[in-house]
Amino acid sequence: MLGNILQYGFIVRGLEAGIVVALIAPLIGIFLVLRRYSLIADTLAHVSLAGVAIGLLCGINPVLTALATAVAASFGIERLRASKRVYGESALALFLSGSLALAIVILSIGHGFNANLFNYLFGSIVTVTSGDVQTITVLALAVIAILGMFYKQLVFVTFDEEAAKVSGIPTRLVNVVLIVLAAFTVSLAIPIVGALLIAALIVIPVVTALLCKKSFVKTVMYAEAFSFFSVVSGIITSFYLNISTGGAIVLIMLAVFMAVSIVKR
Amino acid sequence: MQRVDHTKNVISVEAISFSYDGERDVLEDITLDVHQGDYIGLVGPNGAGKTTLLKVMINLLVPRSGTVKLFGQDIRDFKDWQKIGYVPQKAVRFDANFPATVSEVVLMGRTSGKGFFQRTTDADTEAVGNALEKVGMLGYGERLIGDLSGGQQQRVFIARALVNDPEVVFLDEPTTGVDKKTQDGFYALLQKLNREFGLTIVLVSHDIRRLTREVMHIACVDRTLTCHSSPEEYLSESEAVCVNGKDVKLITHHHRE
C-alpha cells in the first residue's frame, strides 16, 4: 500500500519535508513550552505569513521572505519584552495582529495570488517542490547545529534563569538564540502545515510528552516520536481521504494527546 | 580544599547603594567583607534589602554606586563563576512539572558560561555523584525532581550549587516552607560543609533566632548595614539597635512536622 502511494512524486516530497519539520518542531517546542512561550510560535507564524505575502508579491521564494520577516520580528519581540514597556503577551498580540494586517494589505495590493496564499495559510503537500525540500532541509540542519551549540545553556536557562546567569551563562544571548531558532522553525514548517497550524506542531507533541513524566532527554525523545507518527500518518491519511494535510496532522496529534492523557490519568 | 585562610577576603562590598526605581535607595552605603571560611547570615525585616544585597554580590543586580569584588577582582570583570554556588530563593518554588531527573538538575550546574557543543563528560557524571553524596541524596539520581519532598528538592539544589566544588555558596531564604526537622538536617549539612570543607557560606534568612545558633557572623540589613557582629554580641545587644523593623522579632517558626 505504501509502495503504491510512493509512486507519486509530490507525496514523496511532502513526506520528506514533513518528516524534517516533524523532527525539528519538538526540539524547539520543548524550550518554548517549558518557558511559557508557546504563543510565540503562533505569533511568528502570523509574522511569517506577512513575509510569504511579500515574497509572493515580489516573486521571491516565500520561505525565505517568511524567514527574514520572522527573524526580524523575533528580535523586535524580544527587545520589546526585555524593555518591559509592555507585557510579554501584549507584545505578542501587537506583532500577531499587526503582521496579519500587513499580510492582508499586501494581499489586496496584488490580488492575483490569493489561491497561492491559501496554501501557506493551511499548508499543502501538493505544492511542495523539490526546491522547497532542499531549502527546508538546509534550514533544519542549521537549526539542529545551533541547537547543539547552545543545548546545555538552553536547558539551564529554561529551568532556572537566575542560577544560569550566576554560572556565567550569557542569558540574554541564549534567549535571543531561542527565539531566532523558533523563527527559523516556524518559517520552514509553513509550506507543510500552514501558518494557522504550525504552533500546534511545535506545542502539542511536547505537551503530550510532558504528560508521560520522564527525564528531560526522554521527554524530548517521546515528543519526537509523537510528532513523527502524527505527521507521517497525517500526510498518508490526507492523501487517501483527500482532506487537508495540516488539519489531518493536527487532529491526529490531538487524538494522541487525548489518548495519552487518558492512559496517564 | 586547601587550608582556609580566615584573613583572605572572598567578597568585598564597598559603599554599595542600590535603587530599583532610581529614586528611593533600597540599599544605602553598605560596606561588608566576607572572609574565606566565613559563615555569615544576612538578616533583616521583610523588604529590608537582604535579598537585594545578596543579588548585588553575585552580579544579578548592578548597584547604583559602589563596588563589589569577588576574590579581589571587580565583579564586572569576574569570570571564575565556577567558584560561586548559588541557591536561589525560588528554587523551592520551581515548576514541579519540569521534566528533569535529580541528576539532570545537578548536571545543569556543570554548564559553563563559555563553549559551544558542551557534552556531558565522565568528569561531569562523577562530579554529580560526589555532589549528591555530599548532600545525602546519592541513589535519588534517576528520580524526577518534581516527585521529591520539599526538603529533598532543597538538597538537590544545594548539590547543584556544590557540583563545581565552589569556594563560596550563596543561599537565599533556603528554609522557606520547610519543616523544622528538615531545617535541622539542612543546617547540620551547612555546618559540615563549612567546617569540613572550608566552604564560605552567605545565607539570607528572616529566621534570626535560628541563625544566631548557626552562623559565625550576623549582618543586619535594613537599607543600611545596621550591625555586623558575632551572634553572641548580637544577642547581648539590645535588639532594637540591630533590628528596628517592627515585623522582625526573634521569630520562631511552628511548622507542622
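Everything below is about the structure printed above this text.
In what follows, the accompanying structure is described. (Residues numbered from 1 in each chain as written. Chains lettered and ligands numbered in written order. Predicted model: local features only at pLDDT ≥ 70, side-chain atom pairs only at ≥ 80, totals over all residues. Heavy atoms only, no water.)

**Quick word on the overall build of chain B**
- When helices and strands are counted, chain B shows eight helices and ten strands.
- Excluding contacts between residues fewer than 6 apart, the proportion of contacts in chain B whose partners are at least 24 apart in sequence is 67%.
- For chain B, the accessible surface area stands at approximately 11800 Å², while carbon and sulfur atoms represent 47% of it. (Helix = DSSP H or I, 4+ residues; strand = E, 2+ residues; numbered from the N terminus. Contact = heavy atoms within 4.5 Å. Areas by Shrake-Rupley, 256 points an atom, 1.4 Å probe, with all protein chains shown as cover.)

**Some remarks on the environment of Thr120 of chain B**
- Mapped onto the elements of the fold, Thr120 of chain B is located in the loop between helix H2 (102–108) and helix H3 (122–134).
- A C-alpha to C-alpha distance of 8.7 Å links Thr120 of chain B and Arg110 of chain B, two positions ten residues apart in sequence.

**Comments concerning the sheet that holds strand E6 (residues 84–87) of chain B**
All names here are of chain B.
- Taken together, six strands build an open sheet; the order of strands is E6-E7-E8-E3-E9-E10 and the sheet is mixed. Each edge of the open sheet is held by one strand with a lone partner, namely E6 and strand E10 (224–229). Across the sheet, the mean angle separating the axes of adjacent strands is 15° when strand polarity is ignored.
- As judged from the five bridges shared by strand E7 (residues 168–172) and strand E8 (residues 200–204), these two strands associate in the parallel manner. Residue pairing in the sheet places Val168 in a bridge with Thr200 of E8. (Pairing = 2+ DSSP bridges. Axes fitted to C-alpha atoms, helices over the stretch in contact; angles between N-to-C directions.)

**Points about the pattern of salt bridges**
- Under the defined criterion, the tally for this structure stands at 13 salt bridges over all chains.
- Of the charged contacts in the structure, one is a salt bridge between Glu161 of chain A and Arg35 of chain A, with a shortest N-O distance of 2.7 Å. Of the two residues, Glu161 of chain A is situated in helix H8 (residues 161–166) and Arg35 of chain A in the loop between helix H2 (9–34) and helix H3 (38–58); the sequence distance between them amounts to 126 residues.
- Under the relative-accessibility criterion, Glu161 of chain A is labelled partly exposed at 31%.
- The salt bridge involving Lys83 of chain B is made with Asp80 of chain B; its shortest N-O contact spans 3.6 Å.
- Judged by its relative accessible area of 30%, Asp80 of chain B falls in the partly exposed class.
- Bridged by salt links that share partners, the residues Lys180, Asp184, Arg210 and Glu214 of chain B form one connected network. (Salt bridge = Lys/Arg side-chain N within 4 Å of Asp/Glu carboxyl O. Buried < 20%, exposed > 50% of the residue type's maximum accessible area, 1.4 Å probe, protein only.)

These results come straight from atomic positions and should not be treated as a statement about function.
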